[in-house]
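Close look at the chain arrangement
Spelled out, the chains give:
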Amino acid sequence: MKKRLLRALPSVDELLRSDRLKEAATLHSLPLVTGSVRMALEESRSGILAGSVTEVSFDRLVEDSLEVLRRTLASKVRKVINASGTVLHTNIGRAVLSEEAQEAVVFASGNINLEFDLDTGGRGERDNLVEDLLKRLTGAEAATVVNNNAAAVLLTLNSLAEGKEVVISRGELIEIGGSFRLPEIIKKSGCVLKEVGTTNRTHPGDYASAVTGSTALFFKAHTSNYTVVGFTAEVGLPELVGIGKRHALPVVEDLGSGSLVDLSRYGLPKEPLVSESIEAGADIVTFSGDKLLGGPQSGIIAGKKEFVDSIRKNPLKRALRPGKLTLASLEATLRLYLDSERLAGRLPTLRHLSRPLGDIEEAAKKAASLLSEFLGGSFSFSVEDSDSAVGGGSMPGHKLSTKVVSVTHGTVGPERIMRLFLDSTPAILGRINKDRFLLDMRTVEDPADVVPSVRF
Ligand SMILES: *Cc1c(COP(=O)(O)O)cnc(C)c1O
């Protein structure tokens with residue numbers, strides 16, 4: 001039976017002589033179409049051998065070949081509308097870039113003065129594009145940029161402490177979602193981890209008594225995605241800087257997100273400011289470009305010039321440096337911070353975090369009415385109260401009151417509804433809560449964006 005089916009499979013050439021594939025070969029190149037036909041035949045062959053294909057149809061194989069072709073040509077990168085309720089959602093690319101930053105990406109697609117000094121006509125430094133802005137916004141003496149904050153931590157530790165001991169409190173040995181585990185990063189940086197204190201309490205004396213001849217620095221990590229409550233004690237940065245001074249050891253702080261503006265001005269909980277850490281005497285501060293800062297994926301290293309200089313000289317810097325699209329959009333994002341009055345209007349991350357509830361409710365009502373107009377039938381839509389999260393490991397446990405559109409259906413469940421919205425173009429990402437599919441409007445500026453592209 002299987003042998004008979006295998007023998008019945010047409011050849012590549014026979015399939016290519018069919019009208020539809022001949023037409024496809026005039027629209028696309030012949031090798032591309034031939035490749036798709038081969039793949040479709042291969043899939044059928046495996047299906048026959050596995051017993052899942054029990055008949056051979058020429059027309060069906062033509063269709064399959066065209067489907068393979070469509071799949072090959074379709075972009076893997078797809079636009080997603082964020083109605084998830086998480087403002088900085090790591091899995092969909094965290095911060096939404098401002099218009100200014102998007103324009104910068106477009107013009108930087110061509111040639112720019114990336115490492116070319118237009119004044120002297122000679123070689124420039126790519127850090128020059130953003131360093132003055134970073135210095136101004138953080139108060140640091142110097143700054144450099146790498147691909148992400150994990151790289152910033154890795155490069156800083158490898159530059160300043162390779163082969164030596166890094167002293168850190170047990171309460172700060174964090175794991176950030178995915179694969180960032182501080183103890184592992186310290187090891188991969190070539191450093192020796194020296195834990196001090198306990199999970200809930202670490203005292204100044206714990207740091208001081210850990211110092212030996214091979215200690216390179218004190219490390220402090222912002223516990224971004226959890227809080228330790230109850231019987232706790234932590235050595236604050238200013239105090240740690242004092243201990244560092246007494247032992248002539250630098251203090252490095254990983255702020256995770258950090259912020260360049262005081263978010264309490266926008267009614268949000270205060271996140272540590274990079275400028276405060278610099279002011280308190282941290283020798284190096286590292287933070288992400290795409291968390292609360294609201295820019296492209298990048299990691300920023302700011303601090304004392306002597307340390308930033310030795311970080312820059314590390315050959316690993318070359319392996320971790322960002323590209324021109326990142327630097328151009330980071331510069332455009334940082335520039336927005338110069339005008340703090342207009343920042344919340346122009347920086348989507350801040351605009352979404354501080355969006356007035358009335359505004360979100362209005363968008364939710366509009367979306368509910370557009371959805372019921374478009375989908376109607378057995379679906380129902382209602383505007384309800386819920387909470388959004390900041391995400392990106394920032395402001396752990398802090399909830400933002402929001403309004404959601406709850407989508408229900410007479411017969412199909414929330415998982416199925418979620419699938420339908422994900423299959424739309426662009427994909428619409430909501431969330432399921434207590435067995436209901438919700439579209440959180442906090443991060444959706446145009447209510448029409450949550451209306452799917454096709455009727456179900
Ligand atoms: C998010 C975070 C990181 C990792 O930053 P990426 O930019 O995602 O690489 C490192 N440390 C802390 C404390 C963080 O919050």
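Placed above this text is the structure.
Residues numbered from 1 in each chain as written. Predicted model: local features only at pLDDT ≥ 70, side-chain atom pairs only at ≥ 80, totals over all residues. Heavy atoms only, no water.

**Topic: the overall build of the chain**
Selection rule: Strands here mean DSSP runs of E at least two residues long; helices mean DSSP runs of H or I at least four residues long; both are numbered from the N terminus. The criterion used for residue contact is that any of the two residues' heavy atoms lie within 4.5 Å. Methods summary: accessible areas were calculated by the Shrake-Rupley approach with a probe of 1.4 Å, and residue burial reflects only the protein chains presented. Counted charges follow a simple rule, with Lys and Arg positive, Asp and Glu negative, and His plus the chain ends left uncounted. Note on charges: their place is set at NZ of Lys, CZ of Arg, CG of Asp or CD of Glu.
Within the chain, the regular secondary structure consists of 19 helices and 18 strands. For the chain, the C-alpha atoms occupy an extent of roughly 85 × 50 × 50 Å along the three principal directions. Of the contacts formed within the chain by residues at least 6 apart in sequence, a portion of 73% connects residues at least 24 apart. Summed over its atoms, the accessible surface of the chain is roughly 22,000 Å², and 50% of this surface lies on carbon and sulfur atoms. Averaged over its 57 positive side-chain charges, the chain has a centre that lies 5 Å from the centre of its 58 negative ones.

**A closer look at helix H19 (residues 414–422)**
An α-helix turns once per 3.6 residues; consequently, residues spaced three or four apart project the same way. Inclusion rule: The classification of residues rests on relative accessible area computed with a 1.4 Å probe and restricted to protein chains. Under 20% of the type maximum is buried, over 50% is exposed, and intermediate values are partly exposed. The directions considered for the arc run from the helix axis to the C-beta atoms.
Every buried residue of H19 is accounted for by Pro414, Ile417, Met418, Leu420 and Phe421. The buried residues of H19 all sit within an arc of 160° when viewed along its axis, so they share a single face. Next to the buried residues of H19 lie helix H18 (357–374), strand E14 (379–391), strand E15 (399–409), strand E16 (427–429), strand E17 (431–433) and strand E18 (436–440).

**Here we look at the environment of Ser189**
On the secondary structure map, Ser189 appears in the loop between helix H9 (182–188) and strand E9 (192–196). Considering only alpha carbons, one finds Ser189 and Ala161, 28 residues apart in sequence, at a separation of 8.2 Å. In contact with Ser189, not counting residues within four places along its chain, are Leu154, Leu157, Asn158 and Glu162.

**Overview of the pattern of salt bridges**
Heads up, the condition is: Salt bridge criterion: a side-chain nitrogen from Lys or Arg within 4 Å of a carboxyl oxygen from Asp or Glu.
Applying the stated criterion across every chain, the model contains 34 salt bridges. Among the salt bridges present, the one from Glu63 reaches Arg20, with a minimum N-O distance of 2.4 Å. Placement of Glu63 in helix H5 (residues 58–73) and of Arg20 in helix H3 (residues 19–27) is noted, with a sequence separation of 43 residues between them. Using a relative accessible area of 34% as the deciding quantity, one classes Glu63 as partly exposed. Among the salt bridges present, the one from Lys194 reaches Glu165, with a minimum N-O distance of 3.5 Å. A residue pair is termed long-range when its members are at least 10 positions apart, and Lys194 in strand E9 and Glu165 in strand E6 (residues 165–169) qualify at 29 residues.

**What about the packing of helix H7 (residues 128–138) against helix H15 (residues 324–336)?**
To keep things clear, this is the line we draw: To obtain each axis, a line is fitted to C-alpha atoms, and for helices this fit is confined to the stretch in contact; angles are then taken between N-to-C directions over 0 to 180 degrees. Throughout, the term roughly parallel applies to angles under 35 degrees, roughly antiparallel to angles over 145, roughly perpendicular to angles from 65 to 115, and oblique to all others. If you view the pair so one helix is near and one far, a crossing is left-handed when the near helix is turned anticlockwise from the far one by less than a right angle, and right-handed when it is turned clockwise. We call Asp, Glu, Lys and Arg charged. Ala, Val, Leu, Ile, Met, Phe, Trp, Tyr, Cys and Pro are nonpolar, and the rest, Gly among them, are polar.
Running from N to C, H7 and H15 point in directions that differ by 30°, and their axes come no closer than 10 Å. What the angle tells us is that H7 and H15 run roughly parallel. Regarding H7 and H15, the two cross each other, and that crossing is left-handed. Across the interface between the two elements, Leu129, Val130, Leu133, Leu134 and Leu137 from H7 touch Leu327, Leu330, Glu331, Leu334 and Arg335 from H15. Residues of the contact of H7 with H15, tallied by class, amount to eight nonpolar, no polar and two charged.

**Quick word on H5**
Selection criterion: Multiply 1.5 Å by the residue count of a helix minus one, and that product is the helix's expected span.
Here H5 spans 23 Å end to end across 16 residues, near enough to the 22 Å set by a 1.5 Å rise per residue. Along H5, the residues that are buried comprise Leu61, Val62, Ser65, Leu66, Val68 and Leu69. For H5, the arc enclosing every buried residue in end-on projection is 155°, short of the 170-degree limit, so these residues lie on one face. More than 90 degrees from the buried face of H5, the exposed residues found are Asp59 and Arg60.

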